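A closer look at the structure
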Amino acid sequence: MRALQLVSDREVKVTDVEAPPPPGQGEVQLKIKVVALNHIDVWGWRGMAFAKRKLPMTVGAEASAEIAAIGPGVTGLKTGDLVAIYGAPTCGRCRACRDGRDNLCEHPRGVHGFHLDGYAREYANMPARNVIPAPEGIDDVAAALAPVTFGTSEHMLFDNAQLLPGETVLIHAGGSGIGTAAIQLAKKVGATVITTVGSDDKIDKCVELGADHVINYRSDRFEGAVRKLTKKVGVDVVFEHVGKDTWAGSMLSMRPGGRLVTCGSTSGISADTNLMMLFQRQLRLIGSFGCRMSNLVTVMEKMSKGVVRPVVDTEIEFGDLEPALARMENRKVFGKIIMRVNT
Ligand SMILES: [Zn+2]
């Protein structure tokens, strides 16, 4: 069967690999439908030094699939079901997993598509507990965007930053995959949304998704614009994933008692933090990675009710990954790049 594998840094190839055996105890066999690209794929492709992995490695961290076969002992799933696949093989037994906080699993083995073989392959066997059935009314593209794009954003905004109706949130890079998800999720709970973009052609698209104010950070200092828009008060919540380039401005954009939640650092992993500002203004800095299994359920429910929708930039052919990753690296996308594996 076909798989898309990273063979060395910045080199991805379509390869022929052995199909998986029938699913074992507690496993399901998945016919992968759609893979969605994320910044973690860009990091993997670049060869982040700290990632322990063995090459060649199948790429793809976020996907939907159809259940092709059921292993012994699996209940509640049947062949033909459309599912979203959780991004990491958590243990299911530790305290964090039992409490439903799977992304804090005490026995992490890595992230699929980054440390471990990912989903850009025709078939894969996975533990049944790591797949969540899609509700009626959503397709394989929407289900593919649940585990990382919508799940991460939902977990950041609501579990971690505890965003409330009536509050104001600053969402960085509104045209990115998680930006397009976060704008919609925040707006739909009744928050005021300020977002940043790097080119004017993304402004109207962010407004269409529900953004109240859009700042082009290349022509305007975003922290100054936020100060004006909030009448010198600042925002309640900052949704960070840019890192080095925006960190100082994000700190300045918060009102006293504000919360900054971050899940990424696309512009660089080190930034200075003014500690006096942190304690005097009683700011809260919250790290967030991945999501809980329950976030997949809630975001797919929201998609099935039309509360939020997937924003697709382009669909690429299986194997055309490198130009797509380069476009993401250069911020030339609005929403998600997706790749169909099986029809
Ligand atoms: Zn665990």
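Residues numbered from 1 in each chain as written. Predicted model: local features only at pLDDT ≥ 70, side-chain atom pairs only at ≥ 80, totals over all residues. Heavy atoms only, no water.

With respect to the domain arrangement of the protein
Here the domain parsing of the protein yields domain 1 (2–145 + 310–340) and domain 2 (151–287). For domain 1 and domain 2, the distance between their C-alpha centres works out to 28 Å. Between domain 1 and domain 2, the residue contacts involve 10 residues of the former and 17 residues of the latter. For the pair domain 1 and domain 2, the two sides together bury roughly 1100 Å², of which 58% comes from carbon and sulfur. There are 4 residue pairs in polar contact (both at pLDDT 80 or more) connecting domain 1 and domain 2. (Domains from an automatic or database assignment. Contact = heavy atoms within 4.5 Å. Buried area = accessible area lost by both parts, 1.4 Å probe. Polar contact = N/O pair within 3.5 Å; in protein donor to acceptor, adjacent residues only side chain to side chain.)

Some thoughts on the sheet that holds strand S10 (residues 192–197)
Within a sheet, each strand pairs with its neighbour through backbone hydrogen bonds, oriented either parallel or antiparallel. If you walk across this open sheet you meet the 6 strands as S11-S10-S9-S12-S13-S14, and the pairing is parallel. The sheet terminates laterally at strand S11 (213–216) and strand S14 (284–287), the two strands that pair on one side only. Geometrically, the sheet is characterised by an average inter-axis angle of 20° between neighbouring strands, direction not taken into account. When strand S9 (residues 168–171) meets S10, the two strands line up parallel, connected through 4 bridges. When the sheet's bridge partners are listed, Leu170 is paired in S10 with Ile194. Contacts from helix H4 (residues 146–160) reach S9, strand S12 (235–240), strand S13 (254–262) and S14 within the one sheet, and its direction differs from that of S12 by about 150°. Contacts from helix H7 (residues 222–229) reach S9, S10, S11 and S12 within the one sheet, and its direction differs from that of S11 by about 155°. (Pairing = 2+ DSSP bridges. Helix = DSSP H or I, 4+ residues; strand = E, 2+ residues; numbered from the N terminus. Axes fitted to C-alpha atoms, helices over the stretch in contact; angles between N-to-C directions.)

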